[in-house]
Amino acid sequence: MSRRKRQRVSADRHIAAEDVVLPATVLKFLQDGGVCIEKLRKSVAACANGEQRRFVRVSLRRPVDLGAVEEQLGYSLESVEWLPGMWAVDGRARLAACDAYQGGYVYGLDAASAAAAVVLGAQPGERVLDLCCAPGAKLCYIAELMGDRGTIIGIDSAENRLRVCKSILSKYGLQSPELHHADGRTWDGREFDRVLVDAECTHDGSVKHLAKHLVSGRSQVLEEQTFSPERLASIAALQLALLENGARAVRKGGTLVYATCSLTTTQNEQVLARFLGSDRGARFSVLSLRDRYGNPTLPRSFSTFMR
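Quick summary incoming for the structure in this document. Values in this document were obtained by computation on a predicted structure and should not be read as measured data.

1. Quick look at the side chain of histidine 213
Position of histidine 213 among the secondary structure elements: in helix H8 (residues 207–214). Among the polar contacts made by the side chain of histidine 213, one reaches the main-chain carbonyl oxygen of histidine 209 at a distance of 3.0 Å. Filtering out sequence-adjacent residues up to four positions away, histidine 213 remains in contact with Arg218, Ser219, Val221 and Leu222.

Here it is, written out as structure tokens:
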């Protein structure tokens, strides 16, 4: 569904793919993880130039005047048919300046993040666990997909991010989620119908995150904070521990979703292979998302299991 369009022109310098320089440590890690560097550079450049679409979520519980939203954004909205309430818009759109955003009717959410919430398949009245819930946009989406009815537990180890999550839930008027400050690797909970493990990762699948660092001269910060040898050595173990604890929490016949913001096999396929090769993982069967949803464009960086 397309709506009327107005144009804005960016005065910023145009970024070419060859301008996107990856630090050696980052480059090697991504190459070893099977990432196509050429495509990644092109995507980062497109994002920096505002040429890549961004995505917004419209409240499923509150009436929203989409025409007024378009008028304020200055760009048309295009429905993402298989993600309820999700719309694509020009990457140059300034969502924060929109009244509907300020009022809690519209918010930003990546399509890949929304996809993880949709394939979780949570239904009104179910028991749902989000093991790494902050900063909360995805948790809000899950709650709205459930009609804000059911038991929704959000866990996160970062207290400051949980405060942001609490603020977001309040802004969008959601009552069902219950937040806990805890380590997702050890938090003890059982018999959930659905469990989402959106694990901490290197965020290399977020081109906006990469563009912020690589195009603005902050590549050293990216290398030191996200791709340091110490962090890379520990992150796969963290992801596996989160996945294993999520598996403990889901009831027999329930659904477990593992998701990351990484494109690397190191943080996706390899973690899943280790989990499925364990005694606990052997009790799960992998669900085919393409067979289940009939959509060939589903991102590969999350997987769904049924116990």
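2. Quick notes on the nonpolar core
Leu83, Met86, Tyr141 and Ile142 are the most contacted members of the largest nonpolar core, which has 34 residues in total. When residues of this core are traced back to their parent elements, those giving at least two are strand S3 (86–89), helix H5 (111–120), helix H6 (137–145), helix H7 (159–171) and strand S9 (250–259). Here the element with the most residues in this core is H5; it accounts for eight residues. When near neighbours in sequence (up to four residues on either side) are disregarded, leucine 83 contacts Ala111, Ala114, Ala115, Val118 and Tyr141. Formed by 23 residues, the second largest nonpolar core is a distinct cluster that contains Ala182, Trp187, Val197 and Ala247.

3. A short note on the packing of helix H1 (residues 24–32) against helix H2 (residues 37–48)
In the contact formed by H1 and H2, the axes pass within 10 Å of each other and the chain directions differ by 120°. One finds that H1 runs oblique with respect to H2. Contacts between H1 and H2 involve Leu27, Leu30 and Gln31 from the former and Ile37, Leu40 and Arg41 from the latter. For the contact of H1 with H2, a count of residues per class yields four nonpolar, one polar and one charged.

Thresholds applied
Residues numbered from 1 in each chain as written. Predicted model: local features only at pLDDT ≥ 70, side-chain atom pairs only at ≥ 80, totals over all residues. Heavy atoms only, no water. Helix = DSSP H or I, 4+ residues; strand = E, 2+ residues; numbered from the N terminus. Polar contact = N/O pair within 3.5 Å; in protein donor to acceptor, adjacent residues only side chain to side chain. Contact = heavy atoms within 4.5 Å. Core = buried A, V, L, I, M, F, W, Y, C linked by side-chain atoms within 4.5 Å. Buried < 20%, exposed > 50% of the residue type's maximum accessible area, 1.4 Å probe, protein only. Axes fitted to C-alpha atoms, helices over the stretch in contact; angles between N-to-C directions. Parallel < 35°, antiparallel > 145°, perpendicular 65-115°, else oblique. Nonpolar A, V, L, I, M, F, W, Y, C, P; charged D, E, K, R; others polar.

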